[in-house]
Amino acid sequence: PRSSLCWMQLATTLEDAGDHRSSSAAYERAASMLQYPDTQAVDWLNGAALGRMRLGEYEAAVQTYSRALQAAGGSLSDWGPLLNDFPEPNCAMKIMDGLGLALSALGDPKSAMQAHLAAESLVGSQSVDFISARLH
């Protein structure tokens, strides 16, 4: 819908201005106007989660990544639709990588590593250094 694009444009403007809290809220609002599963909603929710990560709001980031997984047809406990059926592997990789970082920050290294390995599986071995570097 057209109004979701307006919210996305607002989110981008706020993000460029460094207002991650408002930007995240605008991305979430834009995504909420779309019917799931939806590729664009997944991408916008990824933007919202990144804003939460920049603010150190890791629990909120995990919740937002959970909504991104739902927008892809999956859930926090079922990554299959995102990993196997999602048409944008780079976006899916970013979600799994970000989820791994958030889980790591919340003290769940086992789940974090599973998410990072899932991210790696989406883009191949060339991403190993990128992902592992973000773990430290």
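Look above for the structure.
Residues numbered from 1 in each chain as written. Predicted model: local features only at pLDDT ≥ 70, side-chain atom pairs only at ≥ 80, totals over all residues. Heavy atoms only, no water.

Participant: Teacher, can you tell me more about the environment of Glu-59 here?
Facilitator: Inspection of the secondary structure puts Glu-59 in helix H4 (residues 58-71). Sequence spacing of Glu-59 and Leu-106 is 47 residues, and the spatial spacing of their C-alpha atoms is 7.3 Å. (Helix = DSSP H or I, 4+ residues; strand = E, 2+ residues; numbered from the N terminus.)

Participant: Before we go on, may I ask you to explain the packing of H4 against helix H6 (residues 89-105) in this structure?
Facilitator: Packed helices, taken two at a time, are described by the angle between their axes plus the distance between the axes. For the pair H4 and H6, interaxial distance at closest approach is 9 Å and the crossing angle is 150°. The angle between H4 and H6 places the two elements in the roughly antiparallel class. In the crossing of H4 with H6, the sense of the turn from one axis to the other is left-handed. Across from Tyr-58, Ala-61, Val-62, Tyr-65, Ala-68 and Leu-69 in H4, the residues of H6 making contact are Ile-95, Met-96, Gly-98, Leu-99, Ala-102, Leu-103 and Ala-105. Looking at side-chain class alone, the contact of H4 with H6 contains 12 nonpolar, 1 polar and no charged residues. (Axes fitted to C-alpha atoms, helices over the stretch in contact; angles between N-to-C directions. Parallel < 35°, antiparallel > 145°, perpendicular 65-115°, else oblique. Left-handed = near helix turned anticlockwise from the far one by under 90°. Contact = heavy atoms within 4.5 Å. Nonpolar A, V, L, I, M, F, W, Y, C, P; charged D, E, K, R; others polar.)

Participant: Before we go on, may I ask you to explain the packing of H6 against helix H7 (residues 109-123) in this structure?
Facilitator: Running from amino to carboxyl end, H6 crosses H7 at an angle of 165°, the nearest separation of the two axes being 8 Å. Looking at the two axes, H6 sits roughly antiparallel to H7. Judged by the sense of rotation from one axis to the other, the crossing of H6 with H7 is left-handed. Between H6, through Pro-89, Ala-92, Met-93, Met-96, Asp-97, Leu-99, Gly-100, Leu-101, Leu-103 and Ser-104, and H7, the contact on the second element is made entirely by Ser-111, Ala-112, Ala-115, His-116, Ala-118, Ala-119, Leu-122 and Val-123. Of the residues in the contact of H6 with H7, the class split is 13 nonpolar, 4 polar and 1 charged.

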